[in-house]
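Structural description and commentary
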Amino acid sequence: MKMNQTTKKWLGATTLVLSSSLLTGAVVSRSMNRAPWLADEAYDPAQTASVPMPNAAPAAMVAPGGLVDLTAAAESSVNSVVYIKATQNSKTQTVETYDPFGDLFGDFFGFGRGQGGRRQQQVQTPRRQSAGSGVIISADGYIVTNNHVVAEADELDVKLNDNSEYKARIIGTDPTTDLALIKVEAKNLPAIPIGNSDDLKLGQWVLAVGNPFNLTSTVTAGIVSAKARSMGANRVESFIQTDAAINQGNSGGALVNERGELVGINAMIYSQTGSYAGYGFAIPTTIMNKVVADLKEFGTVQRGVLGVEGTDVTNYIDVEKEKGNEVDLGTTTGVYVNKVTDGSTAEEIGLEKGDVITAIDDKEVTKMAELQEAINQHRPGDKLKVTYMRNKKTHTKQATLRNAQGNTDVLEEMDMDKFGASLKPLTAEKKQQLALSYGLEVVAVKKGQMMDNGITKGMIILQVNDKPMRTLDDFEEAVREANASRDRTLWIRAITPSGRKIGAVIDLSDGKKDGKK
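Conventions we followed
Residues numbered from 1 in each chain as written. Predicted model: local features only at pLDDT ≥ 70, side-chain atom pairs only at ≥ 80, totals over all residues. Heavy atoms only, no water. Helix = DSSP H or I, 4+ residues; strand = E, 2+ residues; numbered from the N terminus. Buried < 20%, exposed > 50% of the residue type's maximum accessible area, 1.4 Å probe, protein only. Contact = heavy atoms within 4.5 Å. Areas by Shrake-Rupley, 256 points an atom, 1.4 Å probe, with all protein chains shown as cover. Core = buried A, V, L, I, M, F, W, Y, C linked by side-chain atoms within 4.5 Å. Expected span 1.5 Å × (residues − 1). Polar contact = N/O pair within 3.5 Å; in protein donor to acceptor, adjacent residues only side chain to side chain. Salt bridge = Lys/Arg side-chain N within 4 Å of Asp/Glu carboxyl O. Pairing = 2+ DSSP bridges. pLDDT = per-residue confidence, 0-100.

The next subject is the overall build of the chain. Scanning the chain from N- to C-terminus turns up 10 helices and 33 strands. Put simply, the chain has 517 residues, and 49% of those count as buried. Looking at the chain alone, contacts between residues at least 24 apart form 64% of all its contacts between residues at least 6 apart. Accessible surface, the chain as shown: approximately 24500 Å² in total, 49% of it carbon and sulfur.

With that settled, consider the nonpolar core. The biggest cluster of nonpolar side chains holds 33 residues, and the ones touching the most others in it are V144, L179, L181, A254 and L262. Contributing elements (two or more residues each) for this core: α1 (71–77), β11 (142–145), β14 (179–184), β15 (205–210), β18 (254–257), β19 (262–271), β20 (280–284) and α4 (285–298). With 5 residues, the top contributor of residues to this core is α4. Residue contacts for V144: discarding those within four places in its chain leaves G134, V135, I137, L179, A180, L181, G252, I265, M288 and V292. Counting residues in each nonpolar core, the second largest holds 21 residues, with V442, I455, I461 and M469 among its members.

Now for helix α10 (residues 472–483). Given a rise of 1.5 Å per residue, 12 residues ought to cover 16 Å, and the 17 Å separating the end C-alpha atoms of α10 matches this to within 8%. Looking at the buried side of α10, the elements it contacts are β27 (421–425), β28 (440–445), α9 (449–452), β29 (460–464) and β31 (489–495).

With 7 of 9 residues buried, helix α7 (residues 368–376) lies mostly within the body of the structure. By the burial criterion, the buried members of α7 are M368, A369, L371, E373, A374, I375 and N376.

Quick look at the side chain of D294 now. Structurally, D294 is set in helix α4. A distance of 2.6 Å separates polar atoms of two side chains, one belonging to D294 and the other to R379.

Let us look at the pattern of salt bridges. For the structure on display, the rule yields 23 salt bridges. Among the salt bridges present, the one from E185 reaches K183, with a minimum N-O distance of 3.6 Å. Residue class for E185 comes out exposed when judged on its relative accessible area of 55%. The buried category is assigned to K183, whose relative accessible area is 9%. With its nearest N and O atoms 3.2 Å apart, the salt bridge here joins R259 to E261. On the accessibility criterion, R259 (32% relative accessible area) is partly exposed. By sharing partners, the salt bridges in this structure join R127, E155, D157 and K167 into a single network.

So, on to the pairing of strand β17 (residues 239–242). With burial as the criterion, each face of β17 is covered, one bearing F239 and Q241 and the other bearing I240 and T242. As paired strands, strand β16 (residues 218–229) and β17 are joined by 3 bridges and run antiparallel to one another. Bridging from a neighbouring strand, R229 pairs with F239 of β17. Where β17 and β20 come together, 3 bridges link them in antiparallel fashion. Along β20, the bridge assignment pairs Q241 with F281.

The next point concerns the environment of G210. For G210, the location among the structural elements is in strand β15. Owing to a relative accessible area of 0%, G210 belongs among the buried residues under this scheme. Each C-alpha atom of the pair G210 and V81 lies 6.4 Å from the other, and the pair is 129 residues apart in sequence.

Attention now goes to unusual backbone geometry. The phi angle at N163 is positive, at roughly 75 degrees, despite the residue not being glycine. Of note, N163 is situated in the loop between β12 (155–159) and β13 (165–174). One non-glycine residue with positive phi stands out, namely N188, at about 60 degrees. Positionally, N188 belongs in the loop between β14 and β15. Among the residues examined, N188 registers a relative accessible area of 72% and is labelled exposed.

Further remarks concern the environment of V256. Secondary-structure assignment places V256 in strand β18. Since its relative accessible area comes to 0%, V256 is described here as buried. For the pair formed by V256 and P193, sequence separation is 63 residues and the distance between their alpha carbons is 9.5 Å. If we ignore the near neighbours within four places in the chain, the residues touching V256 are S77, I192, W205, V206, L207, E261, L262 and V263.

Let us now look at the environment of S437. Structurally, the position occupied by S437 is in the loop between α8 (428–434) and β28. Judged by relative accessible area, which is 32%, S437 ranks as partly exposed. In sequence terms S437 and L462 are 25 residues apart; their C-alpha atoms lie 9.6 Å from each other.

The next subject is the confidence of the model for the chain. Looking at the chain as a whole, its pLDDT mean stands at 81, while 79% of the residues score no less than 70. Across residues 1–55 the pLDDT falls below 50, and counting only partners more than four positions away or on other chains, this stretch makes 161 contacts in the model. When the criterion is pLDDT under 50, residues 511–517 qualifies, and its contacts beyond four places in sequence or with other chains add up to 18 contacts.

Moving on, we get to the side chain of T358. Its place among the elements puts T358 in strand β23 (residues 356–360). The exposure class assigned to T358 is buried, which follows from its relative accessible area of 16%.

Where burial is concerned, the two faces of β18 agree: the one with A254 and V256 and the one with L255 and N257 are both buried. Inspection of the sheet shows β15 paired to β18 by 4 bridges, in the antiparallel sense. For L207, the partnering residue across the bridge sits in β18 and is V256. By the bridge criterion, 3 bridges tie β18 to β19 in an arrangement that is antiparallel. Directly across from L255, in β19, lies its bridge partner G264. The turn linking β18 back onto β19 is made up of 4 residues, and G260 within it adopts a positive phi angle of 80 degrees.

Below you can see the structure in the form of structure tokens.
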């Protein structure tokens, strides 16, 4: 990657050097394609001084000359921000290699096997460590951080500002907003007071607190540069933009106001070099509060869906003008509706293509990020008021949000045990015997959805919902995605040891057999 390329960079963990540089986060280019970002920062935990624990958010202090005094906010909030070390254990993976001489000498030397010189080879991945930040939100040990800080971790270690250390476990993650909730077993921790990010004003002072480049308990100051910023990094986003210095390792750290209240979770930067360039972005507490509450209660997010696809009105007008079309929607702000999903809440209340959504519950909506933020604060079954314009006339409808499945049922975290099957990746020997490059072998089956749908011991699962099954993580991810989808169905393609192809359909909504082909 050229260093002058403009990129959006996840503030993922600062790399901890083992024997070589490690991947520390994802770089999102203008086309939003993610690629590795390398760093060489050595792991050398800084020793930090202990600061008295805060009891409540201090009042904003005004220094002589009318300037805001941020010292009380800094000294209190730094105790609530933790250092997170995430460890990925060494794993054995099977990779496909290509030998250009395989076709010529494969049969003679006993390899190649007529596969064009392609071979399966097992490799051992190194043990990896990375670091980020988190924010204590309750005295009994709940900590908010970014999903990309902890999602791939096998072990989590947390260090507080007073240098006390704890093991942590993941309560739940939400890739849609890039948030995660973890927990340490402790009491009387210095929880940060949580403020309302909606109350932030442009130009208001804020502090970014975190552990950039392993410089633990670092505080930087800046202002709110913009609100409801959409960067195309997450499916649901409405970032607070700030010029407070944020760098690698700040991921999951706190953005606090002048009273020391949490108003955002630092998540990413926009930079030409991968380091701070004046543009940092935090997830607002209006989004965080709902996600955390759901993860704590259900283990997964209960996400209400309006059921529209759209764009900012300003974007729509610009595109139409480029085509030579004159546009007069009666407003220059709001969300232009491009499509209404069948069977959705939007269809139920009569929204149509060409409508402009201008408010939710009487709160003005000027762009898509604000609409996402407003909807994301609600669960399926919640009622809200939708205001929209059609033919320059304003209409208001009462709506009941549904989930992605089109109902108001509680979406529970998928219990993998309900499938009643033990799976393992194919060994190199099995791949060679069956002429397969990947697959998950069913090594044991008991009463459950797999058995009910004709999956038996010895079968090889090749694909689930058209995705190749190479690892157990692949299967679990396919199940999670299907569980959150509209039809909640697993389409399984498998093969028996004799080579007979098997297809099965598992309905995740009730666990009953849908059919077999």
